[in-house]
Amino acid sequence: MFLAGLPLTTLLAAFAVAGALVVGLYILKLRRRPVAVPFSRIWQSVLRDKEATQLFSQLKRWLSLLLQLLLLLALVLALGDPRISAAVVEGRNIVVLVDGSASMKATDVEPTRLHAAKRELKKLVRSLGGADRMLIAQMDAGLTPLSTMTGELPELERAVAELRATDTRADLRRGLEFALDSLRDLSKREILIVSDGAFGDVQEAVRGLDLRGAALSFLPVGKSGKNVAITGFSVRRYPLDKARYEVMLEIMNMNASPTPVELTLLGDGVVADITRLSLGAGERVLRFYKDLAGASRTLEAKITPVDRNSDQLPADNHAYALMPERRRSRVAVVTSGNTYLEAALLLDEYLDVSVLSPDQYPSREAYDVMIFDGVAPPPQPASGYLYLNPPAQNSPVPIGKLIESFGFDAWDKKTPVLRFISMGDIQVAHGSSFKVAAPDRVLGQSDLGPILVEGRRGGVPFVALGFDPRDSDFVLRVGWPLFVLNVVNYFVEEDTSYVSSYRTGEVWRVPAPSNVDVATLTDPAGRSRKVPVKEGRAVYLGDQAGFYRLTSGERDEATSFAGNLADPEESRIAPQRELSFGRTKAASVGNFQAGMRRELWLYLLAAVLLVSVVEWITYHRRLTV
């Protein structure tokens, strides 16, 4: 026997205090009420019987006191929640992994697969044996425990009620690793997976995991898997004409038969295009919308199946994209004169450019971007700095050796600074290499050393080019204005590589002011939460599709972005009736049988109630008074 509630020392102290109080009340003499009565010889016989009845009267009072102490003892023990020690060894320890991925929003089971799973899980919780313990966790892109390892029905039922489906893929491996860790050193270990079985490659997910120490069970959910989905949606502005944009859209038909759909494209909430498509069985359709105009901020795509029975997952029928907000940026160019640089900046109508000579710097004006051409003065506050051929003194990166007749032999093709630019044909007469150390990053280099570097100084980004563009044929190529505008837009977060939407189920790193540590994120459902900001990026694991809003800074600077499901594997919602892990096949849940709850405190309370009723009856029949 052991106590699962209050410890024994606390119970003994409580019983001692309460018992002393009860005994004290019984010791107190009752104050007799004086009553005048006539004298009669009958009282003589009563007085003679007094000695004979006194012991019996006291005995009845002691029996009453003992009864009250026993009731008090039962109540105190109930607070301790006594359990039979053998029950802990014999009971099962079960970790339930409930699939909370997007496919659990499918409507082939009314109202959704997740609701059906919650109904079945409630039945299992109520059928637990008295010695069984269970832990319920939601498994999506992350792993969220919703209860402790417990046999308490209210806690487990609350955990079931908290389950919700997200717009992500379920990470089966992470869920199994959590379950194995939670069951370590426990006896009679079981893992129950409640899911539609749409996990993709299960064998890859369990590779290297030792599942032999726990019994595996599978509770399948779902009936059919008809679905059409938007699996790709992105938007980008044209680099040199940002009033116009192009859209890429991918649609997949997961059905085994042709499915007609209606595709709607909306810009800033206004219908821009409606197209009727007939998708073949298993067909993937890729559509481009080029040279579009009219929408300045938000774009949405929706598909509506003509036959609603051919689509049972509404979550992937809607996609969202957000173009970077166009706002005017102030750019200061500190130069002794550079026509090529000034001409490149004139191509963007949203740039207010101020040309300053080295003698006019620093300026009292505030700028978003500073461009230093052949100079490297102490920088004034800005969102970013571009250095062209910086001198050795005050260069953000130490200058290496002088080099001649070189070009870009390697460059980072993924950096937004060089997006849409081919650097391989550029020839440079002379310049300097950089001595790069972590955490600075080389974006371009020749065989003679690094010549294009990015990094941060004081939390503010910079880009440094190791040669004067006029000493090369770079300024004669279309890549030159693209390079300048890419760098400016990179600093003000309006670069041509702007991510029009993030993919749910991944850790998002959303641009935020670098001088704050925390930002407020508002999700598509209108819920707000605090998220950390590291190196100018708000970090958040996105789990819902839709438009988000990020607010930060003392002036509540706000930015918006979009999240999309866009996962073909998660859109394949055909349910699985069985689940196998290599040679191990998950069993059914038929071994869950209703058991008696061995919670002794319930019986103690019942005993107190019964004895109280008996005592009340005997009192009124004058048997104990």
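Data block above holds the structure.
Residues numbered from 1 in each chain as written. Predicted model: local features only at pLDDT ≥ 70, side-chain atom pairs only at ≥ 80, totals over all residues. Heavy atoms only, no water.

Asker: When you look at the nonpolar core in this model, what are you seeing that I'm missing?
Answerer: I371, F408, W480 and F483 are the most contacted members of the largest nonpolar core, which has 38 residues in total. Listing elements by their share of this core, those giving two or more residues are β15 (329-334), α8 (339-345), β17 (369-373), β18 (384-388), β19 (399-407), β23 (449-457), β24 (460-465) and α9 (479-491). Looking at which element gives the most residues to this core, the answer is α9, with nine residues. Every residue in contact with F483, bar those within four places of it in the chain, is listed here: L386, V417, L418, I421, L452 and F474. (Core = buried A, V, L, I, M, F, W, Y, C linked by side-chain atoms within 4.5 Å. Buried < 20%, exposed > 50% of the residue type's maximum accessible area, 1.4 Å probe, protein only. Helix = DSSP H or I, 4+ residues; strand = E, 2+ residues; numbered from the N terminus. Contact = heavy atoms within 4.5 Å.)

Asker: What am I meant to see in the sheet that holds strand β7 (residues 215-220) here?
Answerer: Across the sheet, which stays open at both edges, the five strands sit in the order β5-β4-β3-β6-β7 with mixed pairing between neighbours. Strands with a single pairing partner mark the edges of an open sheet, and in this sheet they are β5 (143-145) and β7. Strand-to-strand, the axes of this sheet are offset by a mean angle of 25 degrees, without reference to chain direction. Here seven bridges tie strand β3 (residues 93-99) to strand β4 (residues 133-139), and the two strands are oriented parallel to one another. Across the sheet, residue L97 finds its bridge partner in β4, namely A137. With respect to the sheet, helix α4 (residues 113-126) is in contact with β3, β4, β6 (189-195) and β7, its orientation differing from that of β3 by roughly 170 degrees. (Pairing = 2+ DSSP bridges. Axes fitted to C-alpha atoms, helices over the stretch in contact; angles between N-to-C directions.)

Asker: Looking at this structure, how should I read the pairing of β17?
Answerer: Regular strands show a simple pattern: their side chains alternate between the two faces of the sheet. Counting buried positions over the five residues of β17 gives five, a clear majority of the element. The alternating pattern of β17 places V369, I371 and D373 on one face and M370 and F372 on the opposite face, and all of these are buried. Sheet analysis places β15 next to β17, joined by four bridges and oriented parallel. Its bridge partner lying in β17, V334 is registered against F372. Pairing of β17 with β18 involves five bridges; the strand directions are parallel. Counted as the bridge partner of I371 is L386 from β18.

Asker: Looking at this model, I keep getting lost on the pattern of salt bridges. Mind explaining?
Answerer: When their charged atoms lie close together, side chains carrying opposite charge are able to pair. Taken as a whole and judged by the stated rule, the model has 30 salt bridges. For K585, the salt bridge is made with E578, and the minimal N-O distance between the two is 3.0 Å. By relative accessible area, which is 48% here, K585 ends up partly exposed. By sharing partners, the salt bridges in this structure join R92, D132 and E190 into a single network. (Salt bridge = Lys/Arg side-chain N within 4 Å of Asp/Glu carboxyl O.)

Asker: Whenever I open this one, the pairing of β23 confuses me. Can you help?
Answerer: Burial runs high along β23: seven of the nine residues are buried. With five bridges connecting them, strand β22 (residues 441-446) and β23 associate as antiparallel partners. Within β23, the residue paired with G444 across the bridge is L452. Counting the residues that bridge the hairpin from β22 to β23 gives two residues. Counting the residues between successive antiparallel strands, the hairpin from β23 to β24 contains two residues, one of them, G458, with a positive phi of roughly 65 degrees.

Asker: Explanation requested: the environment of D167 in the structure shown.
Answerer: Tracing the backbone shows D167 in the loop between α5 (153-162) and α6 (172-183). On the accessibility criterion, D167 (4% relative accessible area) is buried. Taking C-alpha positions, D167 is 6.2 Å from S101, a pair spaced 66 residues apart along the chain. In this view, D167 contacts A102, K105, A315, T504, D543, Q544, A545 and L565; residues no more than four positions away in its chain are not counted. Looking at D167, its side chain comes within polar contact range of the main-chain nitrogen of A545, at 2.8 Å. (Polar contact = N/O pair within 3.5 Å; in protein donor to acceptor, adjacent residues only side chain to side chain.)

Asker: Would you take a moment to explain the sheet that holds strand β28 (residues 528-534) for this structure?
Answerer: One key point about sheets: their strands pair by backbone hydrogen bonds, in either a parallel or an antiparallel sense. With mixed pairing, the seven strands of this open sheet are ordered in space as β25-β31-β30-β27-β28-β29-β26. Each edge of the sheet is formed by a strand with only one pairing partner; in this case those strands are β25 (502-503) and β26 (507-511). Examined bridge by bridge, β28 and strand β29 (residues 537-541) share two bridges and lie antiparallel to one another. Residue pairing for β29: K534 is matched across the bridge by R537.

Asker: How do you make sense of the side chain of D348 when you look at a structure like this?
Answerer: Relative to the assigned elements, D348 resides in the loop between α8 and β16 (351-356). A relative accessible area of 8% places D348 in the buried class. Within the structure, the side chain of D348 is placed 2.9 Å from the backbone nitrogen of Y350, a separation counted as a polar contact. Discounting chain neighbours no more than four positions away, the residues touching D348 are K242, R326, L485 and N489.

Asker: What am I meant to see in unusual backbone geometry here?
Answerer: Backbone geometry follows two general trends: most residues other than glycine have a negative phi, and most peptide bonds adopt the trans configuration. The amide bond that connects Y361 to the next residue, P362, takes the cis arrangement and shows omega of 5 degrees. Within the secondary structure, P362 is located in the loop between β16 and β17. Here the bond from A438 into P439 is cis, since omega is 10 degrees, no more than 30 degrees from zero. Despite not being glycine, N394 has its phi angle at roughly 70 degrees, a positive value. With respect to the element layout, N394 can be found in the loop between β18 and β19. Its identity as a non-glycine residue notwithstanding, A566 has a phi of 40 degrees, on the positive side. By the secondary structure assignment, A566 is in the loop between β31 (557-564) and α10 (568-571).

Asker: Looking at this structure, how should I read a nonpolar patch on the surface?
Answerer: On the surface, a nonpolar cluster with roughly 330 Å² of combined accessible area is contributed by L66, L70, L73 and L77. Locating L70 in the fold gives a position in helix α2 (residues 42-80). (Patch = residues over 30% accessible without salt bridge, like charges linked within 9 Å, V, L, I, M, F, W, Y side chains within 5 Å. Areas by Shrake-Rupley, 256 points an atom, 1.4 Å probe, with all protein chains shown as cover.)

Asker: Sorry, what's going on with the packing of α4 against α5 here?
Answerer: For any two helices packed against each other, the geometry is given by the interaxial angle and the distance between the axes. Orientation of α4 relative to α5, taken along the N-to-C sense of each, is 170 degrees, at an axis distance of 10 Å. Relative to α5, the element α4 is oriented roughly antiparallel. Listed contacts from α5 to K118, L121, K122, V125 and R126 of α4 are L153, L156, E157, V160 and A161. Within the contact of α4 with α5, the residues separate by chemical class into six nonpolar, no polar and four charged. (Parallel < 35°, antiparallel > 145°, perpendicular 65-115°, else oblique. Nonpolar A, V, L, I, M, F, W, Y, C, P; charged D, E, K, R; others polar.)

Asker: Teacher, can you tell me more about α5 here?
Answerer: Think of an α-helix as turning once every 3.6 residues; residues three or four places apart then point the same way. For α5, every residue scored as buried is listed here: L156, A159 and V160. Down the axis of α5, the buried set is contained in an arc of 100 degrees. They therefore lie on one face. Against the buried residues of α5 lie α4 and β4. (Arc of directions from axis to C-beta.)

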